Amino acid sequence: MKPGKKGAEMIRARSGWWAAAVLATVLLLATLMGGGRVGLAVAAADGSAWLWSRSAGEVDRVNPDSGKVDQRRAVTDSRGHRVQVTQNDRFLLIHDLDTGRVSSLDLNGLGFSGRLDIGTRGDPHLAMGSDGAALVERTTGAVRALDPATLRPVGPVLQLPGPLVGGEFDDAGLLWVAVPRQGTVIALKVSPQGASVVRTAEAAPPDHDLTMTVLDQGALVVDRGGRDLVVATGDGTRRVTAPVPLAGAMVPERTHGALAAVTVPGAGSVVTLGDVRKGGPVRSFPLTDPVQEPAVPFAGKVYLPVRETGQVRVFEPAGRQTGMLSMPAGRGDMELQVREGNLFVNSPGSTDALVVGGDGVARKVGKFPGGPGRGGERPGKPGGEASSPPLIPAPPADPVFPDPFDPIIPPERPEAPVPTTPEAPPPGRTEAPRPPATPGPRTPSPRTPSRTPTTAPTTQSPPRTTTPTRTTSPTSRPTTPRPTTPRPTTPKPTTPKPTPTPTKPKPTPTKPKPKPTQTRNPYTPAQVCNATAGGNYQVQRSSSFPGGRIYQLYSASTKKNCAVTMKTTDIGKGTNAWIRLQSQKGGKVASDNGTFKYYAGPVFVLAPGDCVRYSGGASGASASSGWGNCG
């Protein structure tokens, strides 16, 4: 019996509904089982970034389309601290640089999932790719794979010849580091089985001063001991010559896109490399401001942060300035990062940030630290909880890991066979019949034959006192053997000792290596004060301390005092430095404190008819002055 017209329509409607339901289910399963997770796709598409607000002690997620904070998470234990935020689409690693504590924030629900204490000694660096994370101890050369959720180390430690440079993931999931000691650049694969070497390429002569930025695929190595720029990829290396010497050059740790930029304060230039994978074109343009941070390439332009003015200058690769971003609250405190097609300019110590799209249009972001924020869907829920993770105890540093290994040294270090050559002469000396014959009767009979040969070679090296001490154990005999043993033996070893010719290579040419690092600060105190405020500042007095010198300057036109701490060691490397300037009667105080590569400050105080004093320091050392420069 055939159904009627109405019945047929109902059957078709029901079958259509079931088909839609099945299709929806299939699509959902494909999303979950296929390429990944739903949250991943959403996070990857929105182009947002998490920024640190130091005064509020929280991380804020900025929506680049609206320029608003749509999520936040309090980390009150790090309030007021310097913090580095590393993110992928699933996790946020919050590294407190002042305490050495790292917390992992699961972005699905904003709950803390792990913690690890890595300390503040040396130069520990965290890197995270799409699938894994790593702790690169750049001072010692140890690389440890981490579970990004729990921060537990996985697999064995990979020990490379430290110190290392760099340590970021490219888009292909490779972790790149440079080894200045060897002059090599290394690509590492990080997996749940640990970190392993995938490729090693020569980048510079051994012991040259290197810096490095990781590209979308590969890395750009800068030889600060010369003019070479080396692009290393999985296919090989390409070498390019820069138009200026690269001493003290700076690059961002990660470069996105085809354009690369190298900031060279010592040469007063920014070097740009067009299509970086193809090695050109190479151009340069002059710096007009003293800078402490590298220029950041983004969307075909070069963004140069000037901390002292709170501005970011925008240049074309050839050097024509096309714009200026202004963020007065960011004076002395600005960070630039490129994240998923947007450039974020953050001032951690203020309420302000900027987000720049690929079209170059900048939107101001109000982070509103400590307040409800804009569009916060659930600021109260996570923020009100304890700021620390449900602590998964940090694993012991050493016992967890097997003995480190170094797969790089044997192929890369030609000096490896050298130690075996000095060790070869001792067996040759023991085989010589003459030396054992003389000490043989003199050594006391109770000594075992195994010790007799060991004393024989030692007696053959003339100036060594070890042989007399061994033969003197019988107290009456030391006086007789001492004169006789060395004298007959001295001429004999000197004949075989032409073998010390292999010892000549032993003072390897790597020893005279303290050339590379930059030893002279490219800036002067007057240059720093004048560039920030104008007014022809002149040095009035100064005080030195290990690692730096503090200068106080004065301008007759502005009537202001200026103070700056200039580093004399670790130049070009970010270390803690600070400066403070105070007036006596008016009680005015100006200060600057942070991680700086060249100098802290400048700070200014207007104190007509008053006295001033200054204090400052860097890397744990400091100096101060009494009241002076009155009037």
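So, a few notes on the structure that sits alongside this text. (Residues numbered from 1 in each chain as written. Predicted model: local features only at pLDDT ≥ 70, side-chain atom pairs only at ≥ 80, totals over all residues. Heavy atoms only, no water.)

**Thoughts on the overall build of the protein chain**
Here is the rule: Note on conventions: DSSP H or I runs of at least 4 residues are helices, E runs of at least 2 residues are strands, and numbering of each starts at the N terminus. Throughout, a residue-residue contact means that at least one pair of heavy atoms, one from each residue, lies within 4.5 Å. Accessibility throughout is a Shrake-Rupley quantity obtained with a 1.4 Å probe, and a residue counts as covered only by protein chains that appear here.
Each helix and strand in the protein chain was counted, giving 14 helices and 38 strands. Taking the intrachain contacts of the protein chain between residues at least 6 apart in sequence as the baseline, contacts between residues at least 24 apart amount to 49%. Here the protein chain has roughly 29,400 Å² of accessible surface; of this, 55% comes from carbon and sulfur atoms.

**Focus: the packing of aromatic side chains**
In plain terms, the rule: When the centres of two rings from Phe, Tyr and Trp lie within 6.5 Å, Trp using its six-membered ring, the rings pair. Their planes under 30 degrees apart give stacked, over 60 give edge-to-face, and anything left gives tilted.
This structure, assessed with the given rule, holds 5 aromatic pairs. Residues Tyr523 and Tyr599 carry aromatic rings whose centres are separated by 5.6 Å and whose planes lie at 90 degrees to one another, so their mutual orientation is edge-to-face. Of this pair, Tyr523 sits in the loop between α13 (491–494) and α14 (525–533) while Tyr599 sits in strand β36 (residues 599–606); the two residues are 76 residues apart in sequence, bridging distant segments of the chain. Among the aromatic residues, ring-to-ring pairing joins Tyr523, Tyr598 and Tyr599 into one connected group.

**Observations regarding the pattern of salt bridges**
Think of it this way: side chains of opposite charge can pair up when their charged atoms draw near. Quick note on the threshold: Whenever a carboxyl oxygen of Asp or Glu lies within 4 Å of a side-chain nitrogen of Lys or Arg, that contact is scored as a salt bridge.
Counted under the stated rule, the structure contains 18 salt bridges. Put simply, Arg54 and Asp333 hold a salt bridge, and the shortest N to O gap is 2.7 Å. Linking Arg54 in the loop between β1 (49–53) and β2 (58–63) with Asp333 in the loop between β26 (321–326) and β27 (335–339), this pair joins segments that are 279 residues apart in sequence. Here the salt bridges share partners, and the residues they tie into one network are Glu58, Asp60 and Arg72.

**A short note on the nonpolar core**
Note the cut-off: Only buried residues count toward a nonpolar core. Its members are Ala, Val, Leu, Ile, Met, Phe, Trp, Tyr and Cys residues joined through side-chain atoms within 4.5 Å. Here's how the labels work: a residue is buried when its accessible area is under 20% of the maximum for its type, exposed when over 50%, partly exposed in between, all with a 1.4 Å probe on protein chains only.
Val291, Val302, Tyr523 and Tyr599 are the most contacted members of the largest nonpolar core, which totals 24 residues. Listed by contribution, the elements that provide at least two residues to this core are β24 (301–306), α14, β33 (560–567) and β36. If we ignore the near neighbours within four places in the chain, the residues touching Val291 are Met250, Thr263, Leu304, Pro305, Val306, Tyr523, Tyr598 and Tyr599.

**Here we look at the pairing of strand β5 (residues 91–96)**
As a reminder of what qualifies: The pairing criterion for strands is at least two bridges between them, as found by DSSP.
Of all the 6 residues making up β5, 6 are buried; the element is thus mostly covered by neighbouring parts of the structure. Side chains Phe91, Leu93 and His95 project from β5 onto one buried face, and the interleaved Leu92, Ile94 and Asp96 project onto a second face that is buried too. Pairing analysis gives 5 bridges linking strand β4 (residues 83–87) to β5, with the strands arranged antiparallel. Each bridged residue has a counterpart across the sheet, and for Thr86 the counterpart in β5 is Leu93.

**Some points on the sheet that holds β26**
What counts is decided by this rule: Every axis in this analysis is a line fitted to C-alpha atoms, fitted for helices over the stretch in contact. Angles between the N-to-C directions lie between 0 and 180 degrees.
Strand order in the open sheet made by the 4 strands is β23-β24-β25-β26, with antiparallel pairing throughout. With partners counted over all chains shown, the strands left at the sheet margins are β23 (296–298) and β26, one partner each. Neighbouring strand axes in the sheet, compared pairwise and without regard to direction, differ in orientation by 25 degrees on average. Sheet analysis places strand β25 (residues 311–315) next to β26, joined by 5 bridges and oriented antiparallel. Counted as the bridge partner of Val314 is Gly323 from β26.

**Re the sheet that holds strand β14 (residues 184–191)**
Sheet architecture is open: 4 strands sit in the order β12-β13-β14-β15, paired in antiparallel fashion. Single-partner strands in this sheet number two, and they are β12 (165–169) and β15 (194–202). Strand-to-strand twist across the sheet, computed as the mean angle between neighbouring axes with direction ignored, equals 20 degrees. Looking at chain direction, β12 and strand β13 (residues 174–179) are connected through 4 bridges and run antiparallel. Considered in β13, the bridge of Glu168 is made with Trp176.

**Structural notes on the environment of Leu553**
Tracing the sequence through the fold places Leu553 in strand β32 (residues 548–554). When its relative accessible area of 0% is taken as the criterion, Leu553 is described as buried. Separated by 28 residues in sequence, Leu553 and Pro525 place their C-alpha atoms 8.0 Å apart.

**Observations regarding the environment of Phe368**
With respect to the element layout, Phe368 can be found in the loop between β30 (362–366) and α3 (380–383). On the accessibility criterion, Phe368 (42% relative accessible area) is partly exposed. Separated by 308 residues in the primary sequence, Phe368 and Asp60 have C-alpha atoms spaced 9.5 Å apart.

**As for the state of the cysteines**
Formally, a disulfide is one covalent bond, and it connects the sulfur atom of one cysteine to the sulfur atom of another. Rules: Pairs of cysteine sulfur atoms within 2.5 Å are identified as disulfides in what follows.
Enumeration according to the criterion identifies 2 disulfides in this entry. Note that Cys611 is cross-linked by a disulfide to Cys630, the S-S spacing being 1.9 Å. Where Cys611 bonds to Cys630 through sulfur, the torsion about that S-S bond is close to 110 degrees, and the disulfide is right-handed. Note that Cys611 is positioned in the loop between β36 and β37 (612–618) and Cys630 in the segment after β38 (621–624), a separation of 19 residues in sequence. Regarding the disulfides, the protein chain carries the connectivity 1-2, 3-4 under sequence-order numbering of its bonded cysteines.

**Things to note about α14**
Quick note on the threshold: Arc definition: directions from the helix axis to the C-beta atoms.
Every buried residue of α14 is accounted for by Pro525, Val528, Cys529 and Thr532. The buried residues of α14 occupy one face: seen down the axis, they fall within an arc of 90 degrees. At the exit of α14 stands Gly534, carrying a positive phi of roughly 70 degrees.

**Observations concerning the environment of Leu174**
Relative to the helices and strands, Leu174 is located in strand β13. For Leu174, a relative accessible area of 19% corresponds to the buried category. Separated by 44 residues in the primary sequence, Leu174 and Gly218 place their C-alpha atoms 8.0 Å from one another. With sequence-adjacent residues up to four places away left out, Leu174 is seen in contact with Glu168, Phe169, Ala187, Leu188, Lys189 and Val198.

**Quick look at the side chain of Asp223**
The cut-off we apply is this: Charge assignment: positive for Lys and Arg, negative for Asp and Glu; neither His nor the chain ends contribute. In the analysis that follows, any N or O atom pair within 3.5 Å is treated as a polar contact, provided that within protein one partner can donate a hydrogen and the other can accept it, and provided that, for residues neighboring in sequence, both atoms belong to side chains.
Inspection of the secondary structure assignment puts Asp223 in strand β17 (residues 219–223). In this structure, Asp223 is buried with no salt-bridge partner, the nearest side chain bearing the opposite charge being Arg239 at 6.0 Å. Looking at Asp223, its side chain comes within polar contact range of the main-chain nitrogen of Gly225, at 2.9 Å. The contact partners of Asp223, leaving out residues within four places of it in the chain, are Ala204, Pro205, His208, Asp209, Leu210, Asp228 and Leu246.

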